[in-house]
Every structure is written in C-alpha cells, then in structure tokens.
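Chain and residue survey
Letter by letter, the chains look like this.
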Amino acid sequence: MTVSLEVAEGVGTLRLDRPPMNALDVATQDRIRELAEEATRREDVRAVVIYGGEKVFAAGADIKEMQVMDHAAMVVRARALQDSFTAVARIPKPVVAAVTGYALGGGCELALCADYRIAADNAKLGQPEILLGLIPGAGGTQRLSRLIGPSKAKDLIFTGRQVKADEALTIGLVDRVVPAAEVYEAAHAWAARLARGPAIALRAAKESVDAGLETDLETGLAIERNWFAGLFATEDRERGMRSFVEEGPGKAEFL
C-alpha cells in the first residue's frame, strides 16, 4: 500500500509510503481519500497525523503519469484529485502535518489540508507547477491564499520557488519548526493531546472556523452560535464545567 492508517491511543497516522519521493500518483491520491474517509468514520481515531517518513513528505504529483494525460482525461481526473485532498481537509478532527524534506506541489497542497503544520528545520515547501506550464490543481491557489494571504501566495505560485523552513514559518505556511529527528514526535504529541480532549467541541470548533472563513461575518457568527448552544446538550460540556467548579480549570478528563 502506498498509504496506510495506523491507529494508537486515539491518534491515527496517515502515512505516505511510495519511495523514493512519495510521488502522488492516481492510486495514491485515491488511497488518501479512502483513508481520510475511514479516519472520519472511526470512533477510535480522535486526531490525525499526516506523515511521509523521515526523509520526505511528498515531492508532488507523478509527472510521468500526468505527462500522458490529455485535456479530456484531466477534466475527469482534476475533480477526483481535489476530492481526495478535500477529504483530508474535511476530517472533523484535529489534523497535523509532520513535514520532513520536500513538500512540493501536491505535497504542499496536502499539508495545507491540515489544521496545523510542524516542519523539520531542513524542510522545503513550494508550488512549482508554474515551471511545468501549469497552476496548482489540488487546492493550492485557494488554500494557500487563504492561509498566507493572496500576495504571498501569488509570489510562490507565480515564481514556483521553494521556501526553506525558516521562511515558511515567517510567512505562516508552517506553524512550528523543530529538528528533523523530532518532527513526527512533535506532531504526534500535538495530536495526542487533542485526542484526549472533548471530541464534539473540537469538531464544533473546527467546523465553525472552516465554514466561517467561507462566508460573511454574520453567517459565520450564526454557525458559531448554533454550535455553541448545541454543545450544552453534550456530556463533555457537563463534565468540563463540573470539573472546573469542583477542581479548578484545566483538570477535566473527557471520554
């Protein structure tokens, strides 16, 4: 399998394994979608780490496979490609990308689908599709501009240049930089902490932020308001408030 889902203690690791560079061919794209949907369904998965291994996250699409596709073939495939990545973005649980080595093209776009990105100090990220006479097709023009702003996104997309970890941190493309040997450990720790949190409230928080960014402020506030009120019907809310009153803040344990 080019992608696997390994689950332990509430954390599901979505692991890319297509040596040497984790090129994202059609089979890998489809497998990502299947496992993202599985992670969404499984109750024992409460947070997710996306990981490509110690050497590389994903160096992009399989160019040799794409080279033989004509316009008609890509009209069909482009939607499936986007759907695969959107399945990751829509996992209703905290998702962190553990970025090692190269995260280019589709690899960068996959990292953009996470809620949080931890990069190795030797990581390089970018959207080099313009160098092939193309544009990003797996969400890069949309998710990148929403994350770092349109002007910075256009710089990366127009030039196709790669950015090192320190610049990626400065522009907000990644959220944390750690030594290369510590990337997965740091990402897993982030996910494990949230896996112990209130699952429905975390889902509500994620969906409120993501859905709110796609609409106007008034509609976003309505989304927030409905989720906020709805959480008062959950056992986690009862547990959290009872613990706060009886024991003080930050001591609640959620099922």
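Check the entry above for the structure.
Here the structure is a predicted model, which is why all the values come from computation and not from measurement.

Computed from the structure, the largest pocket encloses a volume of approximately 890 Å³. What lines the largest pocket is a set of 24 residues, and nearest its centre among them are A89, R143, R146, D210 and E214. Only helix 3 (71-89), helix 5 (140-148) and helix 9 (199-213) provide two or more residues apiece to the lining of the largest pocket. The dominant element in the lining of the largest pocket, judged by the number of residues it contributes, is helix 9, at 5 residues. Considered class by class, the residues forming the lining of the largest pocket number 10 nonpolar, 4 polar and 10 charged.

Summed over all chains, the structure comprises 3 aromatic pairs. Ring centres of Y51 and Y184 lie 4.7 Å apart, and the angle between their planes is 40 degrees; on these two criteria the pair is classed as tilted. Taken together, the residues Y51 in strand 3 (residues 47-51) and Y184 in helix 8 (residues 183-195) connect sequence positions 133 residues apart. Overall, the relative accessible area of 9% leaves Y51 in the buried class. The class of Y184 is partly exposed, set by a relative accessible area of 27%.

Right, let's get into the sheet that holds strand 2 (residues 11-16). Working definition: the strands of a sheet are paired by backbone hydrogen bonds and lie parallel or antiparallel to each other. Overall, mixed pairing links the 6 strands, which are arranged 1-2-3-4-6-9 in an open sheet. Looking at the sheet topology across the chains shown, the edges are occupied by strand 1 (3-8) and strand 9 (176-178). Averaged over all neighbouring strand pairs, the angle between strand axes comes to 20 degrees, with direction disregarded. Bridging between strand 4 (residues 95-99) and strand 6 (residues 116-120) involves 4 bridges; their strand directions are parallel. Within the sheet, the bridge partner assigned to V96 lies in strand 6 and is Y116. In the packing of helix 8 onto the sheet, the strands contacted are strand 2, strand 3, strand 4, strand 6 and strand 9, and the crossing angle to strand 4 comes to about 175 degrees.

This structure, assessed with the given rule, holds 15 salt bridges. K206 serves as the salt-bridge partner of D115, at 2.9 Å between the closest nitrogen and oxygen. Here the residue D115 occupies a position in the loop between helix 4 (106-112) and strand 6, and K206 occupies one in helix 9, the gap between them amounting to 91 residues. The salt bridge involving D175 is made with R117; its shortest N-O contact spans 4.0 Å. In this pair, D175 sits in the loop between helix 7 (165-171) and strand 9 while R117 sits in strand 6, placing the two residues 58 residues apart along the sequence. Judged by its relative accessible area of 32%, D175 is partly exposed. Classification of R117 as buried rests on a relative accessible area of 3%. Residues joined by salt bridges that share partners form a network here, namely R18, D25 and D62.

Strands sit in the order 5-7-8 across an open sheet of 3 strands; the sheet is mixed. Two strands bound the open sheet, and with one partner strand each, they are strand 5 (102-104) and strand 8 (162-164). Each adjacent strand pair in this sheet contributes to an overall mean axis angle of 20 degrees, direction not counted. The pairing of strand 7 (residues 124-126) with strand 8 spans 3 bridges and is antiparallel.

This part covers helix 5. Where helix 5 is concerned, the buried positions are G140, L144 and I148. Each buried residue of helix 5 sits inside an arc of 15 degrees when the element is viewed along its axis, so together they form one side.

Examined against the element boundaries, S151 turns out to sit in helix 6 (residues 150-159). Looking at S151, the relative accessible area reads 57%, which means it is exposed. Spatially, the C-alpha atom of S151 lies 42 Å from that of G240, the residues being 89 residues apart in sequence.

Parameters and conventions
- Residues numbered from 1 in each chain as written.
- Predicted model: local features only at pLDDT ≥ 70, side-chain atom pairs only at ≥ 80, totals over all residues.
- Heavy atoms only, no water.
- 1 Å grid on protein atoms, 1.4 Å probe; cavity = no way out; pocket = protein on both sides within 12 Å on 5 of 7 lines; lining within 4 Å.
- Points joined across faces, edges and corners; volume = space filled by probe spheres on them.
- Helix = DSSP H or I, 4+ residues; strand = E, 2+ residues; numbered from the N terminus.
- Nonpolar A, V, L, I, M, F, W, Y, C, P; charged D, E, K, R; others polar.
- Phe/Tyr/Trp six-rings, centres within 6.5 Å; stacked < 30°, edge-to-face > 60°.
- Buried < 20%, exposed > 50% of the residue type's maximum accessible area, 1.4 Å probe, protein only.
- Pairing = 2+ DSSP bridges.
- Axes fitted to C-alpha atoms, helices over the stretch in contact; angles between N-to-C directions.
- Contact = heavy atoms within 4.5 Å.
- Salt bridge = Lys/Arg side-chain N within 4 Å of Asp/Glu carboxyl O.
- Arc of directions from axis to C-beta.

These figures come from the coordinates and say nothing about function on their own.
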